[in-house]
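Here's the letter readout for the chains.
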Amino acid sequence: IKEKGFNSVRIPIRWSNHAQHNSPYTIDTRFFERVDQVLAQALRNGLAVVINIHHYDEMNGNPDGHLLRLLGLWRQIGERYKDRPANVLFEIFNEPNGNFNRDKWNAAIPQIIRAIRESNPNRTLIVMSAEWGNYYTLDSLRLPANDQNIIVSIHYYDPHFFTHQGADWVGAEFQTRGVVWPGPPPQKVEPAGGVWGVEWAKNFFIKYNTVQGPENPASPQTMEGHFNKMEQWSKANNRPINIGEFGAFNKADMESRKRWTAAVVRNVVAKGFSSHYWEFCSTFGVYNDATGQWNGLEKILVE
């Protein structure tokens, strides 16, 4: 990763599967040691590191019932890594969604930050917007005014009909294959059956297949408009932005993936944001761990 020109890594960590369910919510020692190894390896290679709490699904389902456990996890994580260098950043929670709605998220943010600040008063933190880290929920995000050492994270996958086409963990409306980027396609794409029962999905494909130019929902101009909104919020609130995830699933054609990725990178650079691509060597990845081959997306990401 370092040799290819990247300067940071974001490490998604599912702490909730390796900790007690009752107070004091003790994290398994062997799991901590594994995280220690990964963190040390990244630092030895001169990479900045983001560690987070990832895939804590129970928190999204029952935020009131799991908040104390989440705080307990962060107190342990903070204490263990309080002496790590400043280029280790803590992302307080990945993709709040479901019952962990805007109001619950805004209420939890200061409590999580206080728990971390007990041991890490000067650590740079990353806090994402609500509803999976979407840019359109930025206006509802509430951060402690007295804590300026916070980066705001957005996860960018628009349009999902392109970036998530054929993925087995999303709904039937995202199962249309052959969606290219940008739109409109050279030949009309016939939407999968699941689209027709979802009004907004149906409307997307009508416009995607027919509208030329900037008004197409899969146009470079549409993407630029999204980044303009992020930039406006960032400047108005004096908060830096990190595009904490972006990527396209491997069911999309590679040339479209390259064009889309290049367009995101151009917007990130133009706005002065930082970014982390999702992800390294799985279904969105840039590297084939079995063959040891890169797929070309890495060249776009570090240009």
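Everything here concerns the structure above.
About the criteria used
- In this convention, every chain numbers its residues from 1, walking through the sequence in written order.
- Predicted model: local features are reported for residues with pLDDT of at least 70 only, side-chain atom pairs are reported and counted for 80 or more only, and whole-chain, interface and lining totals are derived from all residues.
- Side-chain calculation: all heavy atoms of the structure are included, whereas hydrogens and water are not.
- Two rings belonging to Phe, Tyr or Trp (six-membered ring only in the last case) form a pair when the distance between their centres is within 6.5 Å. Interplanar angles under 30 degrees mark stacking, angles over 60 mark edge-to-face geometry, and anything in between is tilted.
- For helices the rule is a DSSP run of H or I covering at least 4 residues; for strands it is a run of E covering at least 2, with both sets numbered from the N terminus onward.
- Throughout this description, buried means an accessible area under 20% of the type-specific maximum (1.4 Å probe, protein chains only), exposed means over 50%, and partly exposed covers the range between.
- Consider the ring centre and the ring normal. A charge sits over the ring if Lys NZ or Arg CZ is within 6 Å of that centre and within 35 degrees of that normal.
- Whether two residues are in contact is decided by their heavy atoms: any pair within 4.5 Å suffices.
- All axes are obtained by fitting lines to C-alpha atoms, using only the stretch in contact for helices, and the reported angles, taken between N-to-C directions, cover 0 to 180 degrees.
- Oblique is the label for any angle not under 35 degrees, not over 145, and not in the 65 to 115 range, which are roughly parallel, roughly antiparallel and roughly perpendicular in turn.
- Whether a crossing is left-handed or right-handed is set by the direction in which the near helix is turned from the far one by less than a right angle, anticlockwise for left-handed and clockwise for right-handed.
- Here the term charged refers only to Asp, Glu, Lys and Arg, the term nonpolar to Ala, Val, Leu, Ile, Met, Phe, Trp, Tyr, Cys and Pro, and the term polar to all other amino acids, Gly among them.

> What am I meant to see in the packing of aromatic side chains here?
Note on aromatic pairs: each is described by the distance of the centres and the angle between the planes. Applying the stated criterion to the full structure yields 31 aromatic pairs. Ring centres 6.2 Å apart and planes at 85° place the aromatic pair Phe 205 and Tyr 208 in the edge-to-face group. With Phe 205 and Tyr 208 both in helix α7 (residues 199-210) and three residues apart, the pair spans about one turn of that helix. Here Phe 246 and Tyr 277 contribute two aromatic rings whose centre-to-centre distance is 5.3 Å and whose plane-to-plane angle is 85°, an arrangement assigned as edge-to-face. In this pair, Phe 246 sits in strand β6 (residues 241-246) while Tyr 277 sits in the loop between β7 (274-275) and β8 (287-288), placing the two residues 31 residues apart along the sequence. On the basis of relative accessible area, Phe 246 is assigned to the buried category, the value being 1%. Positioned above the aromatic ring of Phe 90 is the side chain of Arg 123, whose terminal nitrogen or guanidinium carbon lies 5.1 Å from the ring centre.

> Mind showing me how you'd approach the side chain of Ser 16 here?
By secondary structure assignment, the location of Ser 16 is in the loop between β1 (8-11) and α1 (29-44). Residue class for Ser 16 comes out buried when judged on its relative accessible area of 3%. Discounting chain neighbours no more than four positions away, the residues touching Ser 16 are His 55, Tyr 56, Glu 58, Arg 69 and Leu 73.

> Got a minute to help me understand the packing of α1 against helix α3 (residues 63-80) in this structure?
In a pair of packed helices, the angle between the axes and the distance between the axes together describe the arrangement. One way to put it is that α1 packs onto α3 with a least axis distance of 12 Å and a crossing angle of 50°. Taken together, α1 and α3 sit at an angle that is classed as oblique. Classified by chirality, the crossing of α3 by α1 is right-handed. Within the contact between the two elements, α1 uses Phe 32, Glu 33 and Asp 36 and α3 uses Gln 76, Ile 77 and Arg 80. The residue makeup of the contact of α1 with α3, split by class, is two nonpolar, one polar and three charged.

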